[in-house]
Amino acid sequence: MSTKEFDYDVLYLGSGHGTFDGAIPLAATGKRVAVVESGLIGGTCPNRGCNAKITLDAPVALQQTATALQGLVSPQLELNWNATVAHKHEVIKDLPGFIAGLLKDAGVTLFKGRGHFIDPHTIAVGTQQLSAEKIVIATGLHPHRLDIPGRQLAHDSREFMNLQELPHRIVIIGAGYISLEFATIANAFGAQVTVLLRGDKALRKFHQPFVQKLLALLEKRGVTFIKNTTVTSFSEEYGVKQVHYNQTETVAADWILDATGRNPNTEGLGLTELGVAYDEAGIIVNDHLQTTVPNIYASGDVIKKKQPRLTPTAIFESKYLQQLFAGTTTAPIDYPAIPSVVFSSPRIARLGLSPVQAAQDAAISQVHHNVLDNWYRHVEREQYGENILLFDKEHHLVGATEISEHAEDVINALLPALELKLDPAQVGRLIHLFPTISSAAWEGL
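Treat the numbers as computed from the prediction; the structure is a model and nothing was measured.

Cut-offs and rules
Per chain, residues are indexed from 1 in the order of the written sequence. With pLDDT at 70 or above as the cut-off, local features in this predicted model cover only qualifying residues; side-chain atom pairs require 80 or more to be listed or tallied, and sums for whole chains, interfaces and linings still use all residues. Hydrogen atoms and water are omitted, and side-chain values are computed over all heavy atoms in the structure. Secondary structure elements are taken from DSSP: a helix is a run of H or I of four residues or more, a strand is a run of E of two residues or more, and numbering for both begins at the N terminus. Expected helix span is computed as 1.5 Å times (number of residues minus one). For every residue, the accessible area obtained with a 1.4 Å probe (protein chains only) is divided by the maximum for its type, and the residue is called buried under 20%, exposed over 50%, and partly exposed between those limits. Whether two residues are in contact is decided by their heavy atoms: any pair within 4.5 Å suffices. Throughout, disulfides are identified as pairs of cysteine sulfur atoms within 2.5 Å of each other. Definition used in this section: a nonpolar core is a set of buried Ala, Val, Leu, Ile, Met, Phe, Trp, Tyr and Cys residues joined via side-chain atoms within 4.5 Å. Two strands qualify as a pair provided DSSP detects at least 2 bridges between them. Each axis is a line fitted through C-alpha atoms, taken for helices only over the stretch in contact, and angles between the N-to-C directions span 0 to 180 degrees. Crossing handedness follows the turn of the near helix against the far one: under a right angle anticlockwise gives a left-handed crossing, and clockwise gives a right-handed one. When residues are grouped by polarity, Ala, Val, Leu, Ile, Met, Phe, Trp, Tyr, Cys and Pro land in nonpolar, Asp, Glu, Lys and Arg in charged, and all others, Gly among them, in polar. Any Lys or Arg side-chain nitrogen located within 4 Å of an Asp or Glu carboxyl oxygen qualifies as a salt bridge. Each pair of aromatic rings taken from Phe, Tyr and Trp, with Trp reduced to its six-membered ring, is defined by centres within 6.5 Å and is described as stacked if the planes are under 30 degrees apart, edge-to-face if over 60, and tilted in the remaining cases.

1. As for helix 10 (residues 311–326)
Part 1: For helix 10, spanning 16 residues, the distance from its first C-alpha to its last is 22 Å, which sits close to the expected 22 Å at 1.5 Å a residue.
Part 2: For helix 10, the full list of buried residues reads T311, T313, A314, E317, S318, Y320, L321, Q322, L324 and F325.
Part 3: The inward-facing, buried residues of helix 10 contact strand 1 (8–13), helix 1 (17–28), helix 2 (44–48), helix 3 (50–68), strand 6 (128–137) and strand 19 (296–298).
Part 4: Residue G327 follows helix 10 closely and has a positive phi angle near 85°.

Put into structure tokens, the structure is as follows:
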């Protein structure tokens, strides 16, 4: 079958950032592009992830600043959960229509429904069959749920962000970024929060001394952490839920959040029958994001990869595929440095090598900073903050991690120095707006 005999040149399964950031410019080149989506256009990030989360977090960050500035600012801020959730809805409610409009304006054809493969070039959506020369699987992730008795009593992150009223006692199961971010938010809004960790560590991919300081600060604010737990079941009696763990232990809850991870959306697509290789970590791709079936590709969080499963990663992959399909590149994907952050309070952010990795290389030097030594941090009366910068022998930045209320802005400011391998002379050529957090961060170089 020739290219012209297909309905489309490229068809995407899923409409999140793994799709639309590349599909829009691809369609603008004249390619025939289609997108199949069973849920909200835009996928997880705009509708039930990043955008919603940061809207719920905004009052928390403001409250932390106002608390630090008491005496200069009064009275103490009180947070309103119901109003904040309503505001969150106002912020995100138009995004699906907006993204759909961008796709349609570029010439992309949208199909509503759940798609699955009939053959390597054909997708069935309901009673329709759509053919394409190339197909991109960009179906993302879904929340993992513990398979234990009473599992129906637990909820996921999407449900948390849609709670109309905040329960008094919330138990969170998990030790990842969703757990710590939502523990921060729920605690700030007045909930009694208990977090159950399977092991004795949280946020394993982040610098553990910083993580321990975060946990200590959250404990000081009233969050309870119970480590080394194995949750065995959930039960309910007279409206009170119980989380059972370690055979004989229980903790009472009004609401349970299962934050034990996220799994790739690979079921029901017909991948096994087609010969597309995948496992529990996601779809296996080569360095061109090509699956084991040559005309089928994958993009975004559904891929099995060592890179962080983050929105910017999906955007980069989507844009790479756009260039590949448009013929402007034939090169393998070359991932840049990808920073990551936990939107707790304080934040923890990281970029490049970790201090643990750097310790294994004698050529890497570590420079520790108490960020409160910089005068700018006293403007908002920041109470805590430190970072570690890692340099090679030529004093190129190769890694950075920070804990502070502005850690994400600091890592963003340092990103060009690492990705572009700026030497000291080049670093000295860059003049930042002053006074700003980026200017303060740059002084550490």
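Read on, since the account is not over.
2. Considering the state of the cysteines
Put plainly, two cysteines are in a disulfide when a covalent bond ties their sulfur atoms together.
Part 1: For the coordinates displayed, the defined rule picks out one disulfide.
Part 2: The disulfide partner of C45 is C50, and the S-S distance across this bridge is 2.4 Å. Its torsion about the S-S bond being -130°, the disulfide of C45 and C50 is classed as left-handed.
Part 3: The exposure class assigned to C50 is partly exposed, which follows from its relative accessible area of 32%.

3. Notes on the nonpolar core
Nonpolar side chains tend to gather and get buried jointly when the protein is soluble and globular.
Part 1: Ranked by size, the top nonpolar core spans 47 residues in total, and within it L11, Y12, L103, F117, I137, L321 and F325 carry the most contacts.
Part 2: If we skip the residues at most four places from it in the chain, I137 touches L13, F117, L269, L271, I283, I296, Y297, A298, S299 and V302.
Part 3: Of all hydrophobic cores here, the second largest spans 45 residues; its members include F160, L163, A188 and F189.

4. Brief notes about the sheet that holds strand 21 (residues 347–352)
Part 1: Here we have five strands laid out as an open sheet, ordered 20-21-24-23-22, and antiparallel in their pairing. At either margin of the open sheet sits one strand with a lone partner, and together these are strand 20 (340–342) and strand 22 (365–370). Across the sheet, the axes of successive neighbouring strands diverge by a mean angle of 10°, strand direction being ignored.
Part 2: Direction of pairing for strand 20 relative to strand 21: antiparallel, over a ladder of three bridges. If you follow S340 over to strand 21, its bridge partner there is R350.
Part 3: Helix 8 (residues 208–220) rests against strand 21, strand 23 (386–391) and strand 24 (397–404) of the sheet, and its axis sits at about 10° to strand 24.

5. Notes on the packing of helix 1 against helix 10
Part 1: At a minimum axis separation of 7 Å, helix 1 and helix 10 run at an interaxial angle of 35°. When you trace helix 1 past helix 10, the crossing you get is right-handed. Taking contact as the criterion, the partners of H17, G18, T19, F20, D21, G22, A23, P25 and L26 in helix 1 are, on helix 10, T311, A314, I315, S318, K319, Q322, F325 and A326.
Part 2: For the contact of helix 1 with helix 10, the residue count by class is eight nonpolar, seven polar and two charged.

6. A closer look at the pattern of salt bridges
Part 1: For the structure shown, the criterion picks out 17 salt bridges.
Part 2: The salt bridge involving D57 is made with R347; its shortest N-O contact spans 2.8 Å. Taken together, the residues D57 in helix 3 and R347 in strand 21 connect sequence positions 290 residues apart.
Part 3: One salt bridge connects D279 with K304, and the closest N-O pair in it is separated by 2.6 Å.

7. Quick notes on the packing of aromatic side chains
In this description, a pair of aromatic rings is defined by centroid distance and the angle of the planes.
Part 1: Per the counting criterion, the structure on display carries nine aromatic pairs.
Part 2: On the numbers, 5.1 Å between centres and 85° between planes, the contact of W81 with F189 is edge-to-face. Of the two residues, W81 is situated in helix 4 (residues 81–92) and F189 in the loop between helix 7 (177–188) and strand 10 (192–196); the sequence distance between them amounts to 108 residues. Per residue, the accessibility class of W81 equals that of F189, and both read buried.

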